[in-house]
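Reading the structure
Below are the chains, spelled out letter by letter.
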Amino acid sequence: MERNQMRRQVALTRQSLFDQGFLDEQFIQLEELQDDANPNFVEEVVTLYYRDSSRIIVNIDQALERNPLDFNKLDNYMHQFKGSSTSIGAKKVKAECTQFREYCRAGNGEGCMRTLQQLKKEYAVLKRRLETYFQ
């Protein structure tokens, strides 16, 4: 009974990530690549995502401190970050990346800064939720 209850809880946690818009179908595609030979595939991919993307966030933070802002460089960093986020199905994070890139194209530094703060929030919430799911 306890084992079934745990499975049910994991399933509910997973479903809530989709229902609340944190993840999209790309995450399901990652799960489909997981098999008995590599039972922790998805967790490993997500761990790599957070390791690599945290470096990109540092680069973006540093680029936003420069004056004048190099919107092309900011857009390139965010393009890379968006690609990584898309690869794991991080739906809300990806949406913030899109908004940030629109502000880059408009030359709106204030918009970039506001959007990056929101992106960091979505990124942190998803990280906590996925850590709970993988436990």
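It should be emphasised that the depicted structure is a prediction, and the values quoted were computed from it without experimental measurement. (Residues numbered from 1 in each chain as written. Predicted model: local features only at pLDDT ≥ 70, side-chain atom pairs only at ≥ 80, totals over all residues. Heavy atoms only, no water.)

This next bit is on the packing of aromatic side chains. Applying the stated criterion to the full structure yields eight aromatic pairs. Taking the centre distance of 4.8 Å and the plane angle of 80° together, the rings of Y49 and Y50 count as edge-to-face. Owing to a relative accessible area of 5%, Y49 belongs among the buried residues under this scheme. One aromatic cluster is present, formed by F18, F27, Y133 and F134 through successive ring pairs. Above the face of the F22 ring, K92 is positioned so that its terminal group lies 4.2 Å from the ring centre. (Phe/Tyr/Trp six-rings, centres within 6.5 Å; stacked < 30°, edge-to-face > 60°. Buried < 20%, exposed > 50% of the residue type's maximum accessible area, 1.4 Å probe, protein only. Lys NZ or Arg CZ within 6 Å of the ring centre and 35° of its normal.)

The subject of this paragraph is the UniProt feature "domain: HPt" (unreviewed entry) in the chain. The positions that UniProt labels "domain: HPt" (unreviewed entry) are, in the present scheme, residues 38-133. Between the end C-alpha atoms of residues 38-133 the distance is 18 Å, and the span holds 88% helix and 0% strand. (UniProt positions renumbered as here; feature names shortened; annotations may be inferred. Helix = DSSP H or I, 4+ residues; strand = E, 2+ residues; numbered from the N terminus.)

Moving on: the packing of helix α3 (residues 41-65) against helix α4 (residues 71-88). Where α3 contacts α4, the two axes come as close as 10 Å, and the packing angle between them is 160°. Taken together, α3 and α4 sit at an angle that is classed as roughly antiparallel. Between α3 and α4 lies a crossing whose hand is left-handed. Here V45, Y49, S53, R55, I56, I57, N59, I60, A63 and L64 of α3 lie close against α4, whose contacting residues are L74, Y77, M78, Q80, F81, S84, S85 and I88. For the contact of α3 with α4, a count of residues per class yields twelve nonpolar, five polar and one charged. (Axes fitted to C-alpha atoms, helices over the stretch in contact; angles between N-to-C directions. Parallel < 35°, antiparallel > 145°, perpendicular 65-115°, else oblique. Left-handed = near helix turned anticlockwise from the far one by under 90°. Contact = heavy atoms within 4.5 Å. Nonpolar A, V, L, I, M, F, W, Y, C, P; charged D, E, K, R; others polar.)

A word on unusual backbone geometry. Residue P68 is reached from N67 by a cis peptide bond, and omega for that bond is 0°. Here P68 is to be found in the loop between α3 and α4.

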